[in-house]
Structures are given as C-alpha cells and as structure tokens.
Amino acid sequence: MSIKPELLAPAGNTESLIAAVENGADAVYFGADILSARQFAGNFTLNGIMDAIDYAHLNGVKAYVTVNTLVKDREMENAVNLLYHLDEYGADAVIVQDIGLLPKINELSIKLPVHASTQMTIHNSDGVKFFNELGVKRVVLAREISLDEIIEIKHNPEINIEIETFIHGALCIAYSGQCLFSSIIGGRSGNRGYCAQPCRKKYKLCANGHTVKTNGDYLLSPKDLNTTGILPQLIDASIDSFKIEGRMKRPEYVAGVVRIYRRLIDRYIEEPSKYYVTKDESMLLAQLFNRGFTSSYFFGKPRNDLMSRKRPYNRGIPIGVVVGYDRKLRFMRVYLTGELNTGDGIGIEGAVETGEIVYRMYEDNRIINHAGAGMTINIPFETNVHKGSSVYKTLDKALMESLKKTFTSPVPIKKVLVTITAKAVKGEPFEFIIKDTDLNTVRLESEYVVERATKNPTTISQIKQQLVKLGNTVFDVFSIDVELEDDIFVPVSLLNNIRKDAISRLNEIRIAKWRRSSNAGYTTMLSFPETEEKSTEKPVLTVSVDSLEGMHNAIFGGADVIYFDNTCRLLEGETHLKDATKHVQEAGRQIYFDTPRIVSDSKMDMIEEIFHMAGTLGADGVVVSNAGTFKRAKKMGLEVILDSPFNVFNQSSFDFWNEQGARMIVLSPELTLDEIGQIAPLGATECIVHGRLELMEMEHCIVGGMYEGACPAPCKDNKFELMDEKKYVFPLKMDVDCRMHVLNSKMLCMLENVPKIVETGVSSIRIDAKAIDCKNVETVVQSYRDAIDRCFGACKKNIVTCKDLTREYTKGHYFRGVQ
C-alpha cells in the first residue's frame, strides 16, 4: 500500500495561508518580510509569523518558514534572531539556502528542524548523503532530477532523510541557486529573492552571427509544471512531500490548485487501480494559471515539450476565435467554442499585452452578460487583432468568486473532529470532556452542583443540542455521549459556558503544544567571527582553462595555479590530464583538476575516476562545485578547492566549509569588495576577477530543443548566442551532457582595480580563461601578473587597462553589490 505524501502549499500572504489550509493542505510554507526568496510576495512580519504558525497548528497543519536566501554578514544577527523566534513560535521547520545558517542553529541549541532549499542545488545521492550527515531533516531536490534518480535516492540504505519535490507551478529554466542572470544584468539577485525573471523576456537565437528562425521569441521561458497525469508514479516513489509552487500567486490560485491535488492524492490512495483526472479538474488547473503544462524532467529531458516560447505569461483556456475586427468602432467579433461572462478576462493568441476584462459584450446589438459555445458576439477591444487569432479566457470571474468563498467565509471549511463526553448526576458538578483526533483533551467540572428538577427535567437531547453548537470554530463533533441521571436540572447557560471554556482551552492546547521553551540571553552565546588582520602576502594568480593550449599560454603569462577542466574532452581522459600535470609541474606551478557544477549519479563514477587520476598523477587537488563531489573528493583524501557555485556569501558559510576541510574557498561573485574584505582575513579565499561569468546552467538546450527528432549536435560546428531586446549578446556553451551554459554578454575585468582586490586580503585572484580565445590568454594573464606584482613593489612598464583587453567589460558586483 502506498504511503500518502504530504501536500505542501504556498502562502504568500494571510489570505493564501487560509486558502491553503481550508482546501486541504497538510503543510504550508511562507516567508518573513526579510531573507525570503520571494521578496515580492506579501510575506509576514515577526508577529504575523507567530499568528500564521498558530493558525496552521490549530487546524492540524504543519508550518514551514522560508529563510531561503543568501545572508550578508550585516544581516546575520537579524537572521539568527529570526531563527530563534521561529523555534520559540514552534515552526515545524525552517527552509534555508545559506549553509552558514546551520552552525548558527547549532550554536543556538534550538530544536528547529532544517529543510535544505532547492536553492542549494542538491541533485545527486552523494549530495543528499552530505546533508543527511549534517542532521538536515529534509532536502528539496533540484527540479531537474528524474523520477528514477529520486527512486534511487529513496531506496539507498545509506540515506535516511525526507525528500521533497515540486509537483505543480512555475519552473526555473536554470538550476535553482545557480542563476546570476537577473543579478548581473539588473542587480536584482535571485539568490536574494529579487529575481527580475529575465527568462520571461524576448531573445533571438544567433548562429555564427546570423539570426536563426525559432518558433517563438521567448526562448528561455518554460511551461508550468503539472503532474496530475503522473501522480500515481510519484506517490509510488515514496516521495515524502509534494510541493506546490506559488507564493507570488493570488489566493484563489492556491485554493484551487490545493483542492485539486488534495482530491487526486486521496483518490489514488483510496483506490489506486481506479485513479483518474476529470476534464473539469484539468480545466480548472488550466484556467487558474498556465503557460502550457509539462511534466518537466521526471521522465528524462522533455526538450521542446518543456518550453512556452510564444507566451511567457498566463494563456488561460481557449474559448473562441476572432472572426473580424471593426477598427472604427473598436469591436472584436468572436466565435465562441466555450463560455464567456462579463467580468471574465481574455487574451489573444500571439499578443502578450492584449489581455483585457470583458465589461460588455453584444449579440446582434443586444447587451448580454453570458454567452455560450456556438454564439458569435462582439466585444469592445482597443487593440487591433487579426482574423483567425485564438481567444483565451485568462480569468473566470465565477470561478474566482467561488474559490474566494473558501478563504473569506466566517465559517471554516476544514474541521477538526472532536468527541464529547458529558455527565450530569444529582449532587455532583457537571462533567465535560472534549477530545480531538490528536488526543488533546480538556476536562472541566462546573462549580454548579447538579440539582433535582422542580418542574421540567433536562433531557439528553437538550444537553446534546447545546454542547454541539461549536459555531465558527475549527471543531466539529464526531460523536457525543451524555450520561444523565433521571429528574435533574442543568441550566442552559451552564452548558453554553462550559462548552465555550472547553473550546477555548482546546484551542490553547493545540497551539501551545508546538511552542518551544525560550533561551533568554541567546545573543551573548553566539560567536560572530572577529575580523582578523588582513593578509599582506601576495595573492597567487590562478587561471581556469579547458585546453592544453590555454594552459601553456596561462603559464607563459605568469599563472601560479592552473585549474584544468577536462570534462569537454572525456575521450582523451588520462592522456590530457597526464600531459597537463606534467607541463604544469615542470614549470613549477600547481594544478587542480576542475569538475562540473552539475554531476548526476550516472556520471559520478566518471568524476571519481578524475579524482583517482588527480591522486595517481600527483595533481595538487581538485576543484568541486556541488556537495556531492565535495563529499566524494574528501572521502578520497584529496585537497579540495570549493568553487563559486557553493555561493559562499558570509563569514559563517566560509567557516562552515573551512571546518569541512576545504583547501581554498572561492567567494560568491555577488559580493562587493567591502564584503569580501570581511571574509578574506578568515582563511584561504579566492575571487574571480576576469572572464565571462556563467549566468545560467540549464538541463534544457535551446538549440537541441528546436529539433523534433534526434538532435544532430549543431553545437559541434557552430557558435551560438542569445541576443536580448537591447541587442546584448550572450554566448552559449553546450557541454558533453547536452546541458547549456549562458555566459555574460560582457567580460568581467577588474584589472585597474587589482590594488583594491589585494587590499581585501584574498589568497588567490582568478582569471576564468575558458571563454577567452587561447591566443589572448597569455596577454590577459601577463596583465594581471604585472598588476599584482606592482602592488608589491615591482617596477613594471606598459601598464595595460581593461579597454586594451576587451571591447566591452563590466566590474560585476564588486562595487554595486546586489539587493
């Protein structure tokens, strides 16, 4: 028999919280007004969080609070204060992205369970094991993981941790936690909850400088996830929690989606062989919000089926076709294939910004409020539309109103069942016991002593009639048993008062049982690292390369350390790595073997082979970019460089990885020079100062997704780029696993600012030369070599500037930072 998964719903504000609870959520997740990955949602104040947790617990629903952004050092005390109060308020878990919060939770000695956010990019078994061993209770897996991979994780005897996965809602095109697009182009960081959604903008695909014809302009816009058709397989996989995305959505959306998935989960659990999804259920989900639906990566790469290239916003459901447009009267003539009412919203195929509310419509010059399939009607419409265009209903007023009633009615829909027992015996107090399904119990005795009746004795039915009046409370009577002695009298006022008192106390018990004892004075117990003196030692110059030619030129230019990436040349394998190691060591430099940021379980053996070669060939260590490869490398006893995808953003996260044994820690490219200066004195740090920053890594390949059949691998012989509406060009790089990497349109260059970087005290200054033409690598490296040496007294002529190295460049976030 399948185990029923938790249904976890979003709550962007109080109305959405009520909507989720009333429509059947087992758990809700919501954020504070600070440090939440959805900063544009309503969110909750500290007092509001306490009320929300209490409301959820009163209704028998778990409450998870998101603190799922990267935390700046100046915000850490506020973050810790928030964690402390979440524990005190009885939150069932905190969802975190910043690993620097884990040691703070341990220092607080609180019992607040931790869920690792999907922003941590946990995507392989070793990564899950890593967080399992840290004591994390649950991991939210990357959306790109397949169902087979999830099953493998769930069946792994070495793993004992809850697994959560998304089942419905918007998708990120890039791996969550690994997207810098919004951050770099506009300063609004997705890692800080301020994503500007550049993936929903228009782009042109270019090949070798020429525009490629595409089926739509929204080349980075995925459809929405919908798993109603595969829900049985997901339930059978024993996934612990099914998560609905949508903290930015309206409460009616939350109400409707939760209601449908509650019904479908229960339907399958009750009778698996007869699972079905009705047409009305599918239509309701589509009507609420959709960009088209996809089952995402659960059964492999969906390629073209993943994308919504023509309409990046809600498309609604088709209800008709345009059969004419009167430009003089501004009327659109529509033949209907579905129902339409005044107050509904409509949109036109192929036109993103033509959505309007239907305030009036006409049939044969007669105003009507309702129109059905087969009718031809006229609708006032300001925008000129083309004959033959499809018409979509983007908002159903009647549906919205019916869903709104579920969270605005004074009478709760969701009820907690209780049993009531009462006893009335002459000469004794009236006894009242109420017990809920969680066995919380209230026992009361009246001060009043039951008397013999002088006229009309009280009957059992009269007592029951008063005691079952639970009104607008969350409780509903499942059973009531009354023991009553003959010929006695119990005042109605007593029955009403004892019932009200018992209900009030039961409310308090249901809330208070989750509260945790406070730890007054906790602020003095925490350790916030003191800033040590900044290093005056010369930082090493490190260069990342992916070819032997690039490596040779980096050495000629004066590199101290080489990060050698061989993953694009797997067939050469040991030969390439052996040659690279030999030449670097002969030059008296250090070499580390670089590895990908995304490594699925199926490729972990290949990475282990690279690690093995690092040991046998005498390399100085390896560079890793995810928790799984870090765990595997440390197990093999290798020196490990922790790369920028780990998003080390503050002193606490640095200390964490330093204690885990990282040899060098590459800091987040979203930090300013001042913020780097706070972390660098704590130990071996590195910052990237030159190269094309990777803005996205995605499982979906834009180019390969254009083909219906097998991909002919055009990336082997062509150079592809994306061009945005402002004519900025973003190079695309496809790897051996057919993942696509979007690089920044401008080269990062901090050459003139090397003295300021040296002043921060970093141990290593890095050039990412993998996207630099090999013939230019030596010049770039030599320029930085000279700049570093000048900071330590060397007399170097021919001072080079960024303009000498690249036509267009950016200073990244070193001066402006991120929100």
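Residues numbered from 1 in each chain as written. Predicted model: local features only at pLDDT ≥ 70, side-chain atom pairs only at ≥ 80, totals over all residues. Heavy atoms only, no water.

Caption draft 1: Looking closely at the overall build of the protein. If you tally the helices and strands in the protein, you get 22 helices and 42 strands. Computed over C-alpha atoms, the radius of gyration of the protein comes to 31 Å, within 12% of the 28 Å expected from 2.2 N^0.38 for 819 residues, which places it in the range of a compact globule. Once the C-alpha set of the protein is aligned to its principal axes, its extents read approximately 115 × 75 × 45 Å. Counting all 819 residues of the protein, 58% fall into the buried class. Sequence separation of 24 or more characterises 72% of the internal contacts of the protein that already satisfy a separation of 6 or more. Of the roughly 34,500 Å² of accessible surface on the protein, a fraction of 47% belongs to carbon and sulfur atoms. (Helix = DSSP H or I, 4+ residues; strand = E, 2+ residues; numbered from the N terminus. Rg over C-alpha atoms; globule rule 2.2 N^0.38 Å. Buried < 20%, exposed > 50% of the residue type's maximum accessible area, 1.4 Å probe, protein only. Contact = heavy atoms within 4.5 Å. Areas by Shrake-Rupley, 256 points an atom, 1.4 Å probe, with all protein chains shown as cover.)

Caption draft 2: Looking closely at unusual backbone geometry. Backbone geometry places serine 109, a non-glycine residue, at a positive phi of 55°. Structurally, the position occupied by serine 109 is in the loop between helix 4 (101-108) and strand 5 (114-116). On the basis of relative accessibility, which here comes to 60%, the residue serine 109 falls in the exposed class. Not every positive phi belongs to a glycine, and asparagine 365 is a case in point at roughly 65°. Of note, asparagine 365 is situated in the loop between strand 18 (361-363) and strand 19 (366-368). On the basis of relative accessible area, asparagine 365 is assigned to the exposed category, the value being 74%.

Caption draft 3: Inspection of the side chain of asparagine 132 at higher detail. Within the secondary structure, asparagine 132 sits in helix 5 (residues 125-133). Filtering out sequence-adjacent residues up to four positions away, asparagine 132 remains in contact with Glu158, Ile159, Asn160 and Ile161.

Caption draft 4: Representation of the state of the cysteines. Within the structure shown, the criterion is met by one disulfide. Two residues, cysteine 749 and cysteine 802, share a disulfide whose sulfurs are 2.1 Å apart. Taking the sign of the torsion about the S-S bond as the criterion, the disulfide between cysteine 749 and cysteine 802, at about -90°, is left-handed. With cysteine 749 in strand 40 (residues 747-749) and cysteine 802 in helix 22 (residues 802-805), this residue pair connects regions lying 53 residues apart in the sequence. As far as burial versus exposure is concerned, cysteine 749 and cysteine 802 are alike and both buried. Here cysteine 172 is not cross-linked by a disulfide; its sulfur's nearest cysteine counterpart is in cysteine 199, at 6.6 Å. According to the relative accessible area criterion, cysteine 172 is partly exposed, its value standing at 38%. Note on cysteine 701: no disulfide assigned, nearest cysteine sulfur contributed by cysteine 711 at a separation of 6.1 Å. Classification of cysteine 701 by relative accessible area gives buried; the value is 15%. (Disulfide = S-S within 2.5 Å.)

Caption draft 5: Fine view of the nonpolar core. The biggest cluster of nonpolar side chains holds 199 residues, and the ones touching the most others in it are Phe30, Ile49, Phe131, Leu220, Ile562, Phe593 and Trp657. No other element matches the 11 residues that helix 9 (residues 251-270) contributes to this core. Setting aside residues up to four positions removed in sequence, phenylalanine 593 forms contacts with Phe564, Leu577, Thr581, Ile610, Met613, Ala614, Leu617, Ala619, Gly621, Val622 and Val623. Counting residues in hydrophobic clusters, the runner-up holds 28 residues, among them Ile420, Ala424, Ile480 and Val490. (Core = buried A, V, L, I, M, F, W, Y, C linked by side-chain atoms within 4.5 Å.)

Caption draft 6: Seen up close, a negative patch on the surface. Negative charge collects at one region of the surface, where Glu428, Glu445, Glu485 and Asp486 lie side by side. Along the chain, aspartate 486 turns up in the loop between strand 27 (475-484) and strand 28 (488-489). (Patch = residues over 30% accessible without salt bridge, like charges linked within 9 Å, V, L, I, M, F, W, Y side chains within 5 Å. Salt bridge = Lys/Arg side-chain N within 4 Å of Asp/Glu carboxyl O. Lys, Arg positive; Asp, Glu negative; His and termini not counted. Charge placed at Lys NZ, Arg CZ, Asp CG, Glu CD.)

Caption draft 7: Spotlight on the pairing of strand 30 (residues 561-565). The element strand 30 is extensively covered by neighbouring structure, given that five of its five residues are classed as buried. Residues of strand 30 alternate between two faces, with Val561, Tyr563 and Asp565 on one and Ile562 and Phe564 on the opposite face, all of them buried. In this structure, strand 29 (residues 540-545) lies alongside strand 30, joined through four bridges in parallel fashion. Paired with serine 544 across the bridge in strand 30 is tyrosine 563. (Pairing = 2+ DSSP bridges.)

Caption draft 8: A look at the sheet that holds strand 36 (residues 694-698). If you walk across this open sheet you meet the six strands as 9-8-37-38-39-36, and the pairing is antiparallel. Looking at the sheet topology across the chains shown, the edges are occupied by strand 9 (210-212) and strand 36. With strand direction ignored, the average angle separating the axes of adjacent strands in the sheet is 35°. (Axes fitted to C-alpha atoms, helices over the stretch in contact; angles between N-to-C directions.)

Caption draft 9: The arrangement of the pattern of salt bridges in detail. Taken as a whole, this structure holds 48 salt bridges when the rule is applied. Across the pair glutamate 162 and arginine 138 runs a salt bridge whose closest N-O atoms are separated by 2.8 Å. With glutamate 162 in strand 7 (residues 162-169) and arginine 138 in strand 6 (residues 138-140), this residue pair connects regions lying 24 residues apart in the sequence. Overall, the relative accessible area of 21% leaves glutamate 162 in the partly exposed class. Among the residues examined, arginine 138 registers a relative accessible area of 3% and is labelled buried. The closest approach of N and O atoms between aspartate 773 and lysine 775, which form a salt bridge, is 2.7 Å. The network of salt bridges with common partners includes Glu6, Arg138, Glu162, Glu164 and Lys243.

Caption draft 10: Spatial organisation of the packing of aromatic side chains. Applying the stated criterion to the full structure yields 13 aromatic pairs. The interplanar angle of 10° and the centroid separation of 5.4 Å between the aromatic rings of phenylalanine 130 and tryptophan 657 together place this pair among those described as stacked. Residue phenylalanine 130 is found in helix 5, and its partner tryptophan 657 is found in helix 18 (residues 651-660); the two are separated by 527 residues along the sequence. Each member of the pair phenylalanine 130 and tryptophan 657 is classed as buried. A centroid spacing of 5.0 Å and a plane angle of 85° characterise the contact between phenylalanine 656 and tryptophan 657, whose relative ring orientation is edge-to-face. (Phe/Tyr/Trp six-rings, centres within 6.5 Å; stacked < 30°, edge-to-face > 60°.)

Caption draft 11: Examining the sheet that holds strand 24 (residues 429-436) more closely. Taken in spatial order, the four strands make up an open sheet running 25-24-23-27, and their pairing is mixed. Looking at the sheet topology across the chains shown, the edges are occupied by strand 25 (441-449) and strand 27. The average angle at which neighbouring strand axes cross in this sheet is 15°, direction not considered. By the bridge criterion, six bridges tie strand 24 to strand 25 in an arrangement that is antiparallel. Residue pairing across strands places phenylalanine 432 opposite leucine 444, the latter belonging to strand 25. Its contacts with the sheet place helix 12 (residues 460-467) against strand 23 (416-424), strand 24 and strand 27, and it is angled at close to 150° to strand 27. Those strands touched by helix 13 (residues 492-512) are strand 23, strand 24, strand 25 and strand 27, and its axis lies near 150° from that of strand 25.

Caption draft 12: Up close: the packing of helix 16 (residues 604-617) against helix 17 (residues 627-635). Their axes nearest at 10 Å, the elements helix 16 and helix 17 cross at an angle of 45°. In terms of orientation, helix 16 lies oblique with respect to helix 17. You can see that helix 16 and helix 17 cross each other, and the crossing is right-handed. On helix 17, the residues touching Met604, Asp605, Ile607, Glu608 and Phe611 of helix 16 are Gly628, Thr629, Arg632 and Ala633. (Parallel < 35°, antiparallel > 145°, perpendicular 65-115°, else oblique. Left-handed = near helix turned anticlockwise from the far one by under 90°.)

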